[in-house]
Every structure is written in structure tokens, then in C-alpha cells.
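The primary structure of each chain is shown beneath.
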Amino acid sequence: MKKNRLVIALGGNALGNTPGEQLEKAKACAELLADLTERGYELILAHGNGPQVGMINLGLAYAAGKGVIQAEMPLAECTALSQGYIGFHLQNALQAAMKRRGIKKEVATLLTQVEVDPSDPAFLNPTKPVGAFYTKEEAERQEEAGYVMKEDAGLPRHRMAFGLERATCCFIYRPQASFSSSIGSLFWGGRHFTMLEI
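Presented here is an overview of the structure given in this document. (Residues numbered from 1 in each chain as written. Predicted model: local features only at pLDDT ≥ 70, side-chain atom pairs only at ≥ 80, totals over all residues. Heavy atoms only, no water.)

**Things to note about the nonpolar core**
Then, in step 1: Within the largest apolar cluster, 18 residues are counted, with the highest numbers of intra-cluster contacts made by Leu10, Leu33, Leu90, Leu94 and Met98.
Then, in step 2: Sorting the residues of this core by element identifies helix H1 (19-38), strand E2 (41-47) and helix H3 (75-100) as the ones contributing at least two each.
Then, in step 3: Ignoring any residue separated from it by four or fewer positions in sequence, one finds Leu10 in contact with Leu15, Cys29, Leu45, Ala46, His47, Gly48 and Leu90. (Core = buried A, V, L, I, M, F, W, Y, C linked by side-chain atoms within 4.5 Å. Buried < 20%, exposed > 50% of the residue type's maximum accessible area, 1.4 Å probe, protein only. Helix = DSSP H or I, 4+ residues; strand = E, 2+ residues; numbered from the N terminus. Contact = heavy atoms within 4.5 Å.)

Right under this line is the structure:
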């Protein structure tokens, strides 16, 4: 029997604003995903990470400002950290949901990167807000440090990330570690993510 494959996009905001909220939402999501698994679908779940990467970036920036760590962590590394812990929560929740149902399939988390064209005009107008809102004075200091700051939703200024920067993690499960086929492309949120053969 040929398996049907579903690609599911889950927005970062759907996962809550704290690790605790995310864990609970991941468990609820995993039950729905396990339902699809029982119906014979192979799943590929791609997710956003806006609130999560912002939280990580803010925490590390705060620690750097207090001298607890030597320097702020670059956004690309904060993104990788968010991919890891979101994937960790989703993978564990789905594995547990499937185990309770007697489904013997594996779940894997993949950290992904996107290659972008450095001359893409989107870099001239970054659009993704990251982290906290800043007062006008704080925003001016951020701009002096080289960050692009914009008002967001009529609220005080917000640090912006470049619209085409690395963005997501996906996790995939397949029957008994049979990773023989390839995945072409995922499309969502106006971005095109090319996945490597696995």
C-alpha cells in the first residue's frame, strides 16, 4: 500500500510564548498528528520560531549586557537553538503519543538552513521582528550598534531580522528508519525551503 505524505506547517505563535506553554501545546498538537499517523500518513512538520528565537536572543543579549557571557549570540545561532528545543518538544510529544497508541514508528528532528542570495532586495528592508519592544532611546542605541529597528503594530520600535534569514526546523518520521526517498521542496509563509535528500 502506498503511503500518503502530509506536509504540515505550524506557526511559531501557535506554540506559545514560554517553554512551559510550548510543551503543553506540543502535547496537544502531537495527539492530532498521531491521529493522522493512525490513518496511514507519513508526516513532515515544519514550524516557525518567531517568539522562541526572540526569547532566546533577548535572554542571551541580557546576559551579555550583564557580563554573564562574553558576547551576544548571533541571530543565526539563536535560530539554531530555537530549532533544537522546538524540535525536542515536538519530537518527544509525538513519540509519546504514538507509543500510547501502540504505533511503532520513529520520529526525527532535522535542523535546516536556507541558502539565500546575498543580493536579494529583501535584505534592504528586513521585515521579521525579533525580541522585545524598545523605547525610542533604547532603539537608537540598537541602531548605533548596527541593528535595523522599526515600529511594529503601532508599538515602540522592534529589532528586525532579515526577511530571508534561516528560519525553520522540521521533523519527519518514517516507518522503522527507512530514510530512502527524497523530499523536494516545502512552501509556506512566502518562503521556499529546499530540503536535502535523506
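Don't stop here, the text continues.
**Considering the packing of H1 against H3**
Then, in step 1: Interhelical geometry of H1 versus H3 gives an angle of 45° and a closest axis separation of 8 Å. What the angle tells us is that H1 and H3 run oblique. Crossing angle aside, the handedness with which H1 passes H3 is right-handed. For the pair H1 and H3, the contacting residues are Pro19, Gln22, Leu23, Ala26, Lys27, Ala30, Glu31, Leu33, Ala34 and Thr37 in the first and Tyr85, Ile86, His89, Leu90, Ala93, Leu94, Ala97, Met98 and Arg100 in the second.
Then, in step 2: Split into classes, the residues belonging to the contact of H1 with H3 amount to 13 nonpolar, three polar and three charged. (Axes fitted to C-alpha atoms, helices over the stretch in contact; angles between N-to-C directions. Parallel < 35°, antiparallel > 145°, perpendicular 65-115°, else oblique. Left-handed = near helix turned anticlockwise from the far one by under 90°. Nonpolar A, V, L, I, M, F, W, Y, C, P; charged D, E, K, R; others polar.)

**Notes on the pattern of salt bridges**
Then, in step 1: This structure, assessed with the given rule, holds seven salt bridges.
Then, in step 2: Among the ionic pairs, Glu31 bridges to Arg101, the shortest N-O distance being 2.9 Å. Within this pair, whereas Glu31 is found in helix H1, its partner Arg101 is found in the loop between H3 and strand E3 (108-111), the two being separated by 70 residues in sequence.
Then, in step 3: Given a relative accessible area of 28%, Glu31 falls into the partly exposed group.
Then, in step 4: A salt bridge links Asp35 to Arg101, with the shortest nitrogen-to-oxygen separation between them at 2.6 Å. Of this pair, Asp35 sits in helix H1 while Arg101 sits in the loop between H3 and E3, and the two are 66 residues apart along the sequence.
Then, in step 5: Under the relative-accessibility criterion, Asp35 is labelled partly exposed at 33%. (Salt bridge = Lys/Arg side-chain N within 4 Å of Asp/Glu carboxyl O.)

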